[in-house]
Amino acid sequence: MSKASLTTENAPYVPDITLDRSSPVPLYFQISEPIAELINSGALPADTRLEDELSMAARLHVSRPTARQALQRLVDRGLLTRRRGVGTIVSPRHVHRPMELTSLMRDLVDAGHKVHTTIQRYEARPATAQEADALKITEGTLIVHIERTRFANDEPIAVLTNYIPTDIAPTMQELESGSLYDLMRERGVTLASARQVIGARSATTKEAKLLSEHRGAALLTTQRTTYDPSGRIVEYGAHIYRASRYSFEASLFAQ
């Protein structure tokens, strides 16, 4: 088990780790897991800077590759982030989202995150053949095409793309501070059900830039079609999420 060991305000965090060299558990694992426990428990807050691998290796009397492997394991799990000129720091909290018919903004706010949104695109135009098929409307029908980046605690979490019939679409100004689903309900829309497909792929250069990730970083993807009680499609969304900061949760029941 590791304990906090902080010296001065600007000094890196030095984990107090005891290694059992007679154990079959690899040394890198004995180093990484106590740190992971402190991060997951909240004992190590976001942006805390850790000692570097050279210092850790010398202090714990392990090889530098072992210390590097321990820290890299935490980076790969999204618990630590390497920043040039800063070092290795604790990542912002991972966002866990329940798989329910709720908006991302509402879920983030309810979880205690500070949320803001930037809008890259807001355009009213005729639907293409593919968009019309997704919304089950006639090609050329006016729709609103929206692209937004959602931030949690000043970290980009997701890029959201939505296609909505113009008669129920919120304004651009409303979407800068409001939840899409809340705004649609204010317009009298009842969200009855949705069909959602979840996948994964690598980030493009453009997506990586929007999400502060490297090109090829792992992304979670969703395609959601939302219906009102009459069966009308009121929204089609194609969203991408940072896998290093975001996950979905679901409850499963035996039949």
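See the structure shown above.
Computed from a prediction, not measured in an experiment: that's the story for all the values here.

Helices and strands together make up the secondary structure of the chain, namely eight helices and ten strands. Within the chain, buried positions represent 44% of all 255 residues. Residue pairs in contact within the chain that sit at least 24 positions apart in sequence constitute 57% of those at least 6 positions apart. Surface summary for the chain: the accessible area is close to 13600 Å², and the carbon and sulfur share equals 51%.

The next subject is the pattern of salt bridges. Tallied over the full model, the rule gives 17 salt bridges. Across the salt bridge formed by R83 and D47, the nearest N and O atoms sit 4.0 Å from each other. Here R83, found in strand β1 (residues 80–83), pairs with D47, found in the loop between α1 (27–41) and α2 (53–60); they are 36 residues apart in sequence, far enough to count as distant. Taken together, the shared-partner salt bridges connect D47, R83, E155, E213 and R242 into one network.

The subject of this paragraph is the sheet that holds strand β4 (residues 115–126). Pairing is antiparallel across the open sheet formed by six strands, whose spatial order is β4-β5-β6-β9-β8-β7. The strands lining the two open edges of the sheet, one partner per strand, are β4 and β7 (193–202). The average undirected angle you get between the axes of adjacent strands in this sheet is 15°. With nine bridges joining them, strand β8 (residues 218–227) and strand β9 (residues 233–242) adopt antiparallel strand pairing. Bridging across to β9, Y227 finds its partner in I233.

Time to look at the side chain of S32. Relative to the helices and strands, S32 resides in helix α1. The buried category is assigned to S32, whose relative accessible area is 0%. The residues touching S32, leaving out its near neighbours within four places in the chain, are A70, R73 and L74.

A few words now on the environment of A124. Locating A124 in the fold gives a position in strand β4. As a C-alpha pair, A124 and V144 span 20 residues in sequence and 4.3 Å in three-dimensional space.

Turning our eyes to something else, we now look at the packing of α1 against helix α3 (residues 64–76). Orientation of α1 relative to α3, taken along the N-to-C sense of each, is 40°, at an axis distance of 8 Å. Judged on the interaxial angle alone, α3 and α1 are oblique. Crossing geometry of α1 relative to α3 is assigned as right-handed. Judged by residue contacts, L27, Y28, F29, I31, S32, E33, I35 and A36 of α1 engage T66, Q69, A70, R73 and L74 from α3.

Another aspect to go through is the nonpolar core. Soluble globular proteins tend to pack their nonpolar side chains together in the buried interior. Counting 21 residues, the largest nonpolar core has I31 and I35 as its most contacted members. Elements that contribute at least two residues to this core include exactly α1, α2 and α3. For this core, the element with the highest residue contribution is α1, accounting for five residues. Residue contacts for I31: discarding those within four places in its chain leaves I17, L19, M56, L60, V62, T66 and A70.

In this structure, S179 sits in the loop between α6 (172–175) and α7 (180–186). When its relative accessible area of 4% is taken as the criterion, S179 is described as buried. Measuring from C-alpha to C-alpha, the distance between S179 and L104 comes to 7.9 Å, with 75 residues separating the pair along the chain.

So, about the packing of aromatic side chains. Summed over the entire model, instances satisfying the criterion amount to one aromatic pair. Judged by centre distance (6.4 Å) and plane angle (25°), the rings of Y163 and Y236 are stacked. Of this pair, Y163 sits in strand β6 (residues 155–165) while Y236 sits in strand β9; the two residues are 73 residues apart in sequence, bridging distant segments of the chain. Accessibility expressed as a relative area gives 15% for Y163, which makes it buried.

Rules and cut-offs
- Residues numbered from 1 in each chain as written.
- Predicted model: local features only at pLDDT ≥ 70, side-chain atom pairs only at ≥ 80, totals over all residues.
- Heavy atoms only, no water.
- Helix = DSSP H or I, 4+ residues; strand = E, 2+ residues; numbered from the N terminus.
- Buried < 20%, exposed > 50% of the residue type's maximum accessible area, 1.4 Å probe, protein only.
- Contact = heavy atoms within 4.5 Å.
- Areas by Shrake-Rupley, 256 points an atom, 1.4 Å probe, with all protein chains shown as cover.
- Salt bridge = Lys/Arg side-chain N within 4 Å of Asp/Glu carboxyl O.
- Pairing = 2+ DSSP bridges.
- Axes fitted to C-alpha atoms, helices over the stretch in contact; angles between N-to-C directions.
- Parallel < 35°, antiparallel > 145°, perpendicular 65-115°, else oblique.
- Left-handed = near helix turned anticlockwise from the far one by under 90°.
- Core = buried A, V, L, I, M, F, W, Y, C linked by side-chain atoms within 4.5 Å.
- Phe/Tyr/Trp six-rings, centres within 6.5 Å; stacked < 30°, edge-to-face > 60°.

By themselves, these are just geometric observations and shouldn't be taken as functional.
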